[in-house]
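# Structural characterization, general
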Amino acid sequence: MTTKLTSEQVERSAIVIDTHADTPQRFVDENFDLADPLKGGNWNLESAEKGNLGAEFFSIWVDPGPNKGQFARRTLILIDAVKQQVAKHQDKMMFVTSPEGIELAHREHKIAALMGIEGGHSIEDSLALLRQYYALGVRYMTLTWSNSTAWADSSGDITDTSIPHTKEGLTEFGKDVVYEMNRLGMMVDISHVSDRTFYRTLIITRAPVIASHSAARALCDAPRNMTDDMLRAVANSGGPGSKGGVVQVNFYSAFISQDYRNAQKAMQPEVDKAVQDLKDKFKAEGKETPPDEIEKLQRQYADRIPRPPLKLLIDHIDHIAKVAGVDHVGLGSDFDGVNGQLPEGIDSPADIPKITAALMERGYSAEDCRKILGGNLLRVFREVEQVSKQLQAENRPRITDRQPFQK
């Protein structure tokens, strides 16, 4: 007779991996330390330990507005901030860059810290920079953030006709970026990209892709979310012989709840006016408006919208598991990146066990839960490294280089 495991036992037997936390900005801008209390944020060491978190991909996100002309500088400052934190907390954390590293940290009862760049503008149109970020330990890159680059289109500004977009989703250089990521062993992340860029990337990539923090468009109609066809395409990414990619579900209220999204849209004019008034007030005093003041104001408004029930987040995980398969879904919280706008009962990694319990209540097996909690991401990460070895052995020229058949 087999004894049924409790959700706590399943949680403890899994390597729990979250692929997206925006905490590095707090390190740099607020002098936040991971040993500090949360202070209104979502991620610290205490909450990660409570929630049995095995690995976190810290997001290296450069706000394109204030950092215009110095994307690489800000990228390097954020990378350094992550490494400084890990160095300071070596008793509890380990900086790693591989699936084996995640497993080693797990055996040593430490949290594995990894990095992913959010937004291809960080490479400043340079494959040399991309390679250097990989050398510094970056293991995924989201091709765009909410802003399009010269070589890939974002879902965030695709309807803005004042912004130039590519003809087919990726330029020739954009294809080189995807190929170079495959060659290096850096996971290609298609969260944030436009639908056209998504499909073009899946034609080009030789390795399975990830969506580090995206939800299901069928349940909440946000352009950042993925249609059922896209979910299936991720599951089939990587070409023949591949076991396919993974969609890591975003916890942001406006991506999981249509009601929340509608309320947010209705409130937007009021928020915009309040932000403008604040900017005018600082301008009158001859000062720049501090970004954290704007954020504080936006959060006050956002907090007025009721938080969606946890059930809706579980619905997204369930939907993706049913459409793409249970081997193609995971967790990409967006902690510290969504102004605290998370479903009821989810405030930090300490609450991740509630997700496991809810999935088991819906009939997910211990094995399914272990896949969703981190196993699927580990499998994709391994395959990306495998493909990288093959490509490096092939020594194939880049797309924009002269191909052998072009005499």
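Going by the structure above, here's the rest.
Conventions adopted
Residues numbered from 1 in each chain as written. Predicted model: local features only at pLDDT ≥ 70, side-chain atom pairs only at ≥ 80, totals over all residues. Heavy atoms only, no water. Buried < 20%, exposed > 50% of the residue type's maximum accessible area, 1.4 Å probe, protein only. Helix = DSSP H or I, 4+ residues; strand = E, 2+ residues; numbered from the N terminus. Arc of directions from axis to C-beta. Contact = heavy atoms within 4.5 Å. Pairing = 2+ DSSP bridges.

### Topic: helix α8 (residues 195–204)
Looking only at α8, the buried set comprises T197, F198, T201 and L202. Projected down its long axis, α8 shows its buried positions confined to an angular sector of 135°, all on one face. For α8, the secondary structure elements touched by its buried residues are α7 (172–184), β6 (187–189) and α9 (228–235).

### Observations regarding the pairing of strand β4 (residues 111–118)
Counting buried positions along β4 gives eight out of eight residues, so the element sits mostly inside the fold. Of the two faces of β4, the one lined by I111, A113, M115 and I117 and the one lined by A112, L114, G116 and E118 are each fully buried. Relative to β4, strand β2 (residues 53–61) is paired through seven bridges, and the arrangement is parallel. Note that in β4 the partner of E56 across the bridge is A113. As defined by bridge partners, strand β3 (residues 93–95) adjoins β4 across three bridges and the pair is classed as parallel. From the neighbouring strand, F95 faces β4, where its bridge partner is A113.

### Describing the environment of G374
Topologically, G374 is positioned in helix α15 (residues 366–394). The exposure class assigned to G374 is buried, which follows from its relative accessible area of 2%. Along the primary structure G374 and W151 are separated by 223 residues, whereas in three dimensions their C-alpha atoms are 31 Å apart. The contacts of G374, once residues within four sequence positions are left out, are I15 and I17.

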